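In case you want the letters, here they are:
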Amino acid sequence: PRLLGDVAANRLSGDGERSPVQLGDSLYYIPRLGRVDVGGLSVVGLGGAVSIDKHYRREGIDWFAEEAISEADLEAAKMSGAADVLISHDAPSGWEIPGLAPRSTLTAEWKAMLPECDEHREMLRKGYELIRPRILIHSHYHTGYATHVEEQWGSVAIVGLDRDGSQRWGRVLSNEGGMPILSD
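What comes next is a walk through the structure. Computed from a predicted model, the values in this text were never measured in an experiment.

## So, the overall build of the protein chain
Step number 1: Tallying secondary structure elements over the protein chain gives three helices and 10 strands in all.
Step number 2: Reading the protein chain from its N terminus to its C terminus gives the helix and strand order α-β-β-β-β-α-β-α-β-β-β-β-β.
Step number 3: When each of the 184 residues of the protein chain is scored for burial, the buried share is 35%.
Step number 4: For the protein chain, the proportion of contacts with a sequence separation of at least 24, taken over those separated by at least 6, is 57%.

## Comments concerning the nonpolar core
Step number 1: Core analysis: the largest hydrophobic core is formed by 21 residues, its most contacted members being Trp-95, Tyr-128 and Ile-158.
Step number 2: Mapped by element, the contributors of at least two residues to this core are helix H2 (71-80), helix H3 (108-131), strand E7 (145-151) and strand E8 (154-160).
Step number 3: At four residues, the largest contribution of residues to this core is made by H3.
Step number 4: For Trp-95, the contacting residues outside a window of four places in its chain are Arg-121, Arg-125, Tyr-128, Leu-136, Tyr-145, Val-149, Glu-151 and Ile-158.

## With respect to the sheet that holds E8
Step number 1: Pairing is mixed across the open sheet formed by six strands, whose spatial order is E3-E4-E5-E6-E8-E7. With partners counted over all chains shown, the strands left at the sheet margins are strand E3 (35-38) and E7, one partner each. Between one strand axis and the next, the sheet turns through 25° on average, direction left out of account.
Step number 2: H3 rests against strand E4 (41-45), strand E5 (85-87), strand E6 (135-138), E7 and E8 of the sheet, and its axis sits at about 70° to E7.

## Looking at the side chain of His-120
Step number 1: Structurally, His-120 is set in helix H3.
Step number 2: A polar side-chain atom of His-120 sits 3.1 Å from the main-chain amide nitrogen of Ile-69.
Step number 3: Sequence-distant contacts of His-120, that is, excluding residues within four places in its chain, are made with Gly-48, Ala-49, Val-50, Ala-68, Ile-69 and Asp-90.

## Some remarks on H2
Step number 1: All of the buried residues in H2 are Asp-73, Leu-74, Ala-76, Ala-77 and Ser-80. The buried side chains of H2 occupy one side of the element, clustering within an arc of 160° when seen end-on. Counted as exposed and oriented over 90 degrees from the buried face of H2: Ala-72 and Met-79.
Step number 2: Residues of H2 that are buried in the fold lie against E3, E4 and H3.
Step number 3: For H2, the capping residue at the N-terminal end is Ser-70, with a side-chain oxygen 3.3 Å from the backbone nitrogen of Ala-72.
Step number 4: Directly after H2, the chain includes Gly-81, whose backbone phi takes a positive value near 85°.

## Focus: the pattern of salt bridges
Step number 1: For the coordinates displayed, the defined rule picks out nine salt bridges.
Step number 2: Of the charged contacts in the structure, one is a salt bridge between Lys-78 and Glu-75, with a shortest N-O distance of 3.1 Å. Residue Lys-78 and its partner Glu-75 are located together in helix H2, separated by three residues, close to a single helical turn.
Step number 3: Salt bridges sharing partners connect three or more residues here, namely Arg-125, Glu-129 and Glu-151.

## Focus on the environment of Arg-163
Step number 1: Mapped onto the elements, Arg-163 comes out in the loop between E8 and strand E9 (172-176).
Step number 2: When its relative accessible area of 56% is taken as the criterion, Arg-163 is described as exposed.
Step number 3: Sequence spacing of Arg-163 and His-142 is 21 residues, and the spatial spacing of their C-alpha atoms is 5.6 Å.

Criteria and thresholds
- Residues numbered from 1 in each chain as written.
- Predicted model: local features only at pLDDT ≥ 70, side-chain atom pairs only at ≥ 80, totals over all residues.
- Heavy atoms only, no water.
- Helix = DSSP H or I, 4+ residues; strand = E, 2+ residues; numbered from the N terminus.
- Buried < 20%, exposed > 50% of the residue type's maximum accessible area, 1.4 Å probe, protein only.
- Contact = heavy atoms within 4.5 Å.
- Core = buried A, V, L, I, M, F, W, Y, C linked by side-chain atoms within 4.5 Å.
- Pairing = 2+ DSSP bridges.
- Axes fitted to C-alpha atoms, helices over the stretch in contact; angles between N-to-C directions.
- Polar contact = N/O pair within 3.5 Å; in protein donor to acceptor, adjacent residues only side chain to side chain.
- Arc of directions from axis to C-beta.
- Salt bridge = Lys/Arg side-chain N within 4 Å of Asp/Glu carboxyl O.

As structure tokens, this is what we get:
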């Protein structure tokens, strides 16, 4: 709710509800299914994730019901069309996230949340298939990795961002000859 208030306060007159909004000198917010052109690449945001630890959190303080993508978001994705890059918080289903603790080692509270987390990855998968990106950048799992997956629309570069300052903290996108390039 606070983010949505900041977005509303900073939205320029005439901008649509999915237009990116500048919140600070170098901080921009891309709403769910907002689209922006970066270096000749079309970039779409489809954020959201289920907090596996929400039973430790307080709703409206450090956990929010709005955190997960919805059926309405998927309906909007149908209208959004394809993009070169999809930026999401969670990762769609379809591959294993490297570096995660085995499910058998999770606490009982976290294990109880796994079906909801898996369902969210399936929902995000639907949006991913509608957008058909050539690059997916996500976070959420706090483990950095890069891989490629083969999809019906071609090869997709997957980048998982870390948060610990490792070399996989982030990537820079460039566009050479119409092909997206990832570089450290």
